[in-house]
2 protein chains.
Amino acid sequence: MIVNGHNGAGQQEPEAAAASIRDVGAAAGVSYQTVSRVINGRPNVSQETKDRVNAAIAELGYRPSRAARALAHGSDRVVTVLTSNTRLYGYAETLGGIEEAARAAGVQVAIRVLESDRPDDIATAVEGVSDPRAGAVIVLAFDRAGARALQALPANVRSSAAAESYLGRRTSSADSARWTWFDDILAAEHATQHLLDLGHRTVHHIAIPSTTSVGDRQRGWKRALEAAGASVPEVVRPRNWSMAGAHEAALELLLDPTVTAVLCGNDDQALGIMRAAHDRGLRIPDDLSVVGFDDVPAAAFLTPALTTVRFDFAALGRRAFELLGDGLDPAQVAAPALVVRESTGPARQDKDD
Amino acid sequence: MIVNGHNGAGQQEPEAAAASIRDVGAAAGVSYQTVSRVINGRPNVSQETKDRVNAAIAELGYRPSRAARALAHGSDRVVTVLTSNTRLYGYAETLGGIEEAARAAGVQVAIRVLESDRPDDIATAVEGVSDPRAGAVIVLAFDRAGARALQALPANVRSSAAAESYLGRRTSSADSARWTWFDDILAAEHATQHLLDLGHRTVHHIAIPSTTSVGDRQRGWKRALEAAGASVPEVVRPRNWSMAGAHEAALELLLDPTVTAVLCGNDDQALGIMRAAHDRGLRIPDDLSVVGFDDVPAAAFLTPALTTVRFDFAALGRRAFELLGDGLDPAQVAAPALVVRESTGPARQDKDD
DNA sequence: CTCGATCCTGTTATCGCTAACACTCTAGCC
DNA sequence: GGCTAGAGTGTTAGCGATAACAGGATCGAG
């Protein structure tokens, strides 16, 4: 990253030494302040001067220094996204939404990933992005690491957060933070209800890590079950948030013949379960109904195509970016919607028939 | 992003106004230069002074200004990744690798996505990242937009590139750029050979967009076919780089009963084809063998599990980051490997039997 | 007891840019 | 025809840090 400032050839070589605003001014025969005016499209510069300056800029290959600009101006147009993951669908999609909105606003986006949810790692990460004079930060608080980072953020840095649900009610963090979230509870309730309506006696649930011990998806699932008077099976907790983990856990779960419907924490898990069903000789949806969460692109092309809850993560990201501005109240993005495809069907009457 | 600098309450409120290095110095009763020394772990500062300064820093909640530091030091520890996409598996994974390496090196990572491959969009994007005094840039040159951005990059900005193959031989861009790439040709050759070995008369190919009109995957496929003396079918070009596009194109292709093996440009396309096979009543691998590229996490859990070529994109990203340093020659990352699973099998003797 | 070496700390100049103010013209006005 | 408004440009200060040099103590050695 360190650029060697020396240039043995002196000023012969136009290449090596980066031109500054003063060089441009000198070349154009105007003060460097006038150059600044031209660059920033400030009024009161004659067309002739403008042309001369632009010509000098082109000739010298001049590019303004971001650092100097930020320093003089007192702020930099940057958002830093604080997240524990950049590859999982929901995270990547949200990040994409933030990026789109930021790009449209001419704001640069930086990423800082949280290596773990250990307090010292969180502290280090937060430390690095907490330059209050620089830009803003958006934290993806979908998991514990994110939630902790959000709380660790100093009150004087401009920030907003995208979360699985409204954490404001549970956190001590200041009002300075702004939030966007999905109504996970309602979404899970609908999905569970869909399965119940199909005639399933009850619905099993495979959980994903959450910001809290009990995630909102789990909460909604339980609520629907209780409202319907169905029994509430024990929640399955795979050893990790991956397809392999879900597959492993499902292999175990599917030994139980009373399991006819499963609500998965996300589509990756659903895929793991579908494979486990295949491994156990179970047909979907005849023997087992599966519902996912997220609606990843692959969901529609699987065989059978996956019934899942669609979330507009990109919109969530865009919204989180907007919340950085002033005068906006926390609000939800478009409600999640259940997309019924082929992986859910009527309950079989009795497996042992 | 603009922070309001005024603070009605004056200095009563320790919260609002960001402390500078001078404030810390004043609070600790030393010059701000000494504070700088403490912050940067420079020698020749007494322990007592250090303690006093650290206490003042903690009390004032002081954070150094990135911008000021960058300006004074002449460079900023930032890499900007220039890419046309952040969500597709290969891109996201490579970005992840870059991020890991950068984080380990204490370098911040920024993202700039290319909205299109139109020259003016490329120019705008390149413009924004070409501050030679700031950090370095890594371009993901997997597609045309990326390749163009790479060429448009001024010679005086430190950069490296991750590409589908060694573009150096085709581009006019200076030596200042450094490269990492996979051997796509060989990988495609192996995959095609695998299918041929299974007894397939020939292998059809669905292409993905490339930096050039003929991608290296296509090149390797053709080479294997010719070496085996097999006929070279016309390449299928879906209307876009998505599952839906591949699905659509495959629906058409599979009308042809002579098609028994398909090499897809990537795993997403493979999924689209597998679904199309299902829609056409074809069984995999009995009636049709399918091979993908990338080895996305889902590949192993599909039913049937997908035979595909594994690429270590994260390693590619890490390598691209390393190349930013000095004294390294361009080199390839671990060779791609064919992972044989369930989607490929012996050719059926004759469909019309 | 004086002197140079070593430690510690302060002073000054700069990085490249923007903001605020000052100044010089040229018009347009009564 | 002197005066004011405002366009066009230059001058002077910083922004918050680092780097290079300068200076005051402290200390062992001759």
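What you are looking at is a predicted structure, and each value in this text was computed from that prediction instead of being measured. (Residues numbered from 1 in each chain as written. Chains lettered and ligands numbered in written order. Predicted model: local features only at pLDDT ≥ 70, side-chain atom pairs only at ≥ 80, totals over all residues. Heavy atoms only, no water.)

Trainee: Please give an account of the protein's contact with DNA strand C that cites residues and values.
Mentor: Among the 30 residues in the neighbourhood of DNA strand C, the closest are listed as I21(A), Q33(A), S36(A), Y62(A) and T49(B). Counting only the atoms of DNA strand C within 4 Å of the protein, the fraction contributed by sugar and phosphate is 53%. At a separation of 2.9 Å, a phosphate oxygen of DNA strand C approaches a polar side-chain atom of N40(A). Here a base nitrogen of DNA strand C and a side-chain polar atom of R37(B) are 2.7 Å apart. (Near = heavy atom within 4 Å. Polar contact = N/O pair within 3.5 Å; in protein donor to acceptor, adjacent residues only side chain to side chain.)

Trainee: Describe the nonpolar core, with residues and values.
Mentor: Within the largest apolar cluster, 82 residues are counted, with the highest numbers of intra-cluster contacts made by V79(A) and V79(B). Residues V236(B), V259(B), L271(B) and V290(B) belong to the second largest nonpolar core, which totals 52 residues. (Core = buried A, V, L, I, M, F, W, Y, C linked by side-chain atoms within 4.5 Å. Buried < 20%, exposed > 50% of the residue type's maximum accessible area, 1.4 Å probe, protein only.)

Trainee: Tell me about the relation of the copies chain B and chain A, and please be specific about residues and values.
Mentor: When chain B is fitted to chain A, the best match, at an RMSD of 0.2 Å, comes from turning it 180 degrees and sliding it 0.1 Å along the axis. Interpreted geometrically, this transformation is the action of a two-fold axis. Every residue of chain B has its C-alpha some distance from the rotation axis, and the shortest such distance is that of A110(B), at 1.9 Å. Taken together, the interface assignments show that 99% of the residues at the interface of chain B recur at the interface of chain A, consistent with an identical surface on both copies. (Least-squares fit on C-alpha atoms with pLDDT ≥ 70 in both. Contact = heavy atoms within 4.5 Å.)

Trainee: Mind laying out the sheet that holds strand β6 (residues 204-206) of chain A, listing which residues take part and the relevant values?
Mentor: All names here are of chain A. With respect to topology, 5 strands assemble into an open sheet ordered β6-β7-β8-β9-β11, the strand pairing being mixed. Two strands lie at the open edges of the sheet, namely β6 and β11 (337-339), each paired on one side alone. Recorded for the sheet is a direction-independent mean angle of 20 degrees between the axes of neighbouring strands. Where strand β9 (residues 307-310) lies against β11, 3 bridges are found, and the strand directions are antiparallel. Across the sheet, the residue bridging to T308 is V339, located in β11. (Pairing = 2+ DSSP bridges. Helix = DSSP H or I, 4+ residues; strand = E, 2+ residues; numbered from the N terminus. Axes fitted to C-alpha atoms, helices over the stretch in contact; angles between N-to-C directions.)

Trainee: Can you tell me about the packing of aromatic side chains, naming the residues and giving the values?
Mentor: One pass over the structure, following the stated rule, counts 16 aromatic pairs over all chains. A centroid spacing of 6.1 Å and a plane angle of 80 degrees characterise the contact between F142(A) and F313(A), whose relative ring orientation is edge-to-face. Note that F142(A) is positioned in the loop between β3 (136-141) and α7 (144-152) and F313(A) in helix α12 (residues 313-322), a separation of 171 residues in sequence. Judged by relative accessible area, which is 9%, F142(A) ranks as buried. Note on F313(A): relative accessible area 6%, which makes it buried. Between F182(B) and F313(B), the aromatic rings sit 5.4 Å apart at their centres with planes inclined by 85 degrees, giving edge-to-face as the arrangement. One end of the pair, F182(B), is in the loop between β5 (179-181) and α8 (184-197); the other, F313(B), is in helix α12 (residues 313-322), and 131 residues separate them in sequence. Assigned by exposure class, F182(B) and F313(B) land together as buried. By the ring-pair criterion, three or more aromatic residues cluster together here, those being Y89(A), Y91(A), F142(A), F182(A), W241(A), F293(A), F311(A) and F313(A). Stacked on the ring of Y32(A), the Lys or Arg R22(A) has its end atom at 4.4 Å from the ring centre. (Phe/Tyr/Trp six-rings, centres within 6.5 Å; stacked < 30°, edge-to-face > 60°. Lys NZ or Arg CZ within 6 Å of the ring centre and 35° of its normal.)

Trainee: Account for the sheet that holds strand β6 (residues 204-206) of chain B, with residues named and values stated.
Mentor: In any sheet, the strands associate via hydrogen bonds between backbone groups, in a parallel or an antiparallel arrangement. All names here are of chain B. What the 5 strands build is an open sheet, ordered β6-β7-β8-β9-β11; its pairing is mixed. Where the open sheet ends on each side, the last strands, each with one partner, are β6 and β11 (337-339). Strand-to-strand twist in this sheet, taken as the mean axis angle between neighbours without regard to direction, amounts to 20 degrees. When strand β7 (residues 261-264) meets strand β8 (residues 289-294), the two strands line up parallel, connected through 3 bridges. Counterpart to A261 in the pairing with β8 is S289. Across the sheet, helix α11 (residues 267-279) lies against β6, β7, β8 and β9 (307-310), angled at about 155 degrees from β8, the strand it touches most.

Trainee: If you had to explain the pattern of salt bridges to someone new, which residues and values would you point to?
Mentor: Evaluated as defined, the whole model comprises 46 salt bridges over all chains. R63(A) is the salt-bridge partner of E127(B), the closest N and O atoms lying 3.5 Å from each other. On the criterion of chain membership, the pair formed by E127(B) in helix α6 (residues 119-129) and R63(A) in the loop between α3 (47-60) and α4 (66-73) is interchain, its members lying in two chains. Here R103(B) makes a salt bridge to E99(B), at a shortest N to O gap of 2.7 Å. One end of the pair, R103(B), and the other, E99(B), are both in helix α5 (residues 89-104), 4 residues apart, so they sit about a helical turn from each other. (Salt bridge = Lys/Arg side-chain N within 4 Å of Asp/Glu carboxyl O.)

Trainee: Which residues make up the interface of chain B and chain A, and what are the values?
Mentor: Opposite the 68 residues of chain B that make contact, chain A presents 67 residues. Summing both sides of the interface, chain B and chain A together bury roughly 5,500 Å²; the carbon and sulfur share of this comes to 58%. Inspection of the region where chain B meets chain A yields 10 salt bridges. Put simply, R103(A) and E115(B) hold a salt bridge, and the shortest N to O gap is 3.3 Å. Inspection of the chain B/chain A interface yields 22 residue pairs in polar contact (both at pLDDT 80 or more). Of all the elements in the fold, those that place two or more residues in the side of chain B that touches chain A are α4 (66-73), β1 (78-83), α5, β2 (108-113), α6, α10 (243-253) and α11 of chain B. The element best represented in the side of chain B that touches chain A is α5(B), accounting for 8 residues. Its residues assigned to classes, the side of chain B that touches chain A comprises 33 nonpolar, 17 polar and 18 charged. (Buried area = accessible area lost by both parts, 1.4 Å probe. Nonpolar A, V, L, I, M, F, W, Y, C, P; charged D, E, K, R; others polar.)

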